[in-house]
Amino acid sequence: EMVADVHAALLELRAPPRLASAGAESTNGGGPTEVVIVEGGEHFHRESCSMADGKAVERLTSEAAGARSLRACPLCDPLPTG
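Just so it is clear, the model here is predicted, and its values are computed rather than measured.

A.B. asks: Where do I start with the overall build of the protein in this structure?
C.D. replies: The secondary structure content of the protein amounts to 2 helices and 4 strands. When the elements of the protein are put in sequence order from the N terminus, they spell out α-β-β-β-α-β. Out of the 82 residues belonging to the protein, those deemed buried represent 30%. Taking as baseline every contact in the protein between residues at least 6 positions apart, the subset at least 24 positions apart corresponds to 63%. Accessible surface for the protein amounts to roughly 5,300 Å². Of this, 52% is attributable to carbon and sulfur atoms.

Below you can see the structure in the form of structure tokens.
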């Protein structure tokens, strides 16, 4: 658990600014943003995120990920900014 806490803290230090809402709308067509989650993870990611690379992932919308109380990955910043 301590390793996970340190890992999360390091990601926060390197993270770009994030939006507050996990249900943000995408700028590409107005629909929810498609993201991926890794089994057992606490964050949702862009498909290209290194944290999800090479792992089995589940695809869902950012809105659905937020409903599961998952947070946006601080490394890949999967929520659109506009």
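Moving on, there is more to tell.
A.B. asks: What's the story with the layout of surface pockets in this structure? I'm lost.
C.D. replies: Approximately 320 Å³ is the volume attributed to the largest pocket. Residue lining of the largest pocket: 16 residues in total, with His7, Gly41, Glu42, His43 and Met51 positioned closest to the centre. Those elements that place two or more of their residues in the lining of the largest pocket are α1 (2-14) and β2 (43-45). Counting residues per element, the lining of the largest pocket draws most heavily on α1, at 5 residues. Considered class by class, the residues forming the lining of the largest pocket number 6 nonpolar, 5 polar and 5 charged.

A.B. asks: Quick question: what am I supposed to make of the nonpolar core here?
C.D. replies: Generally speaking, soluble globular proteins have nonpolar side chains that are buried together. Judged by nonpolar contacts, Val35, Ile37, Phe44, Leu60, Ala65, Leu70, Ala72 and Leu79 together constitute the single largest core of 8 residues. Those residues in contact with Leu60 that lie beyond four places of it in its chain are Thr33, Glu34, Val35, Ile37, Ala65 and Arg68.

A.B. asks: Help me understand unusual backbone geometry in this model?
C.D. replies: For residues other than glycine, phi is negative in most cases, and the peptide bonds are mostly trans. Positive phi, normally seen in glycine, also occurs at Ser69, with a value near 65 degrees. By the element assignment, Ser69 lies in the loop between α2 (62-67) and β4 (71-72). Note on Ser69: relative accessible area 63%, which makes it exposed.

The rules behind each value
Residues numbered from 1 in each chain as written. Predicted model: local features only at pLDDT ≥ 70, side-chain atom pairs only at ≥ 80, totals over all residues. Heavy atoms only, no water. Helix = DSSP H or I, 4+ residues; strand = E, 2+ residues; numbered from the N terminus. Buried < 20%, exposed > 50% of the residue type's maximum accessible area, 1.4 Å probe, protein only. Contact = heavy atoms within 4.5 Å. Areas by Shrake-Rupley, 256 points an atom, 1.4 Å probe, with all protein chains shown as cover. 1 Å grid on protein atoms, 1.4 Å probe; cavity = no way out; pocket = protein on both sides within 12 Å on 5 of 7 lines; lining within 4 Å. Points joined across faces, edges and corners; volume = space filled by probe spheres on them. Nonpolar A, V, L, I, M, F, W, Y, C, P; charged D, E, K, R; others polar. Core = buried A, V, L, I, M, F, W, Y, C linked by side-chain atoms within 4.5 Å.

That's the geometry; what it means functionally is another story.
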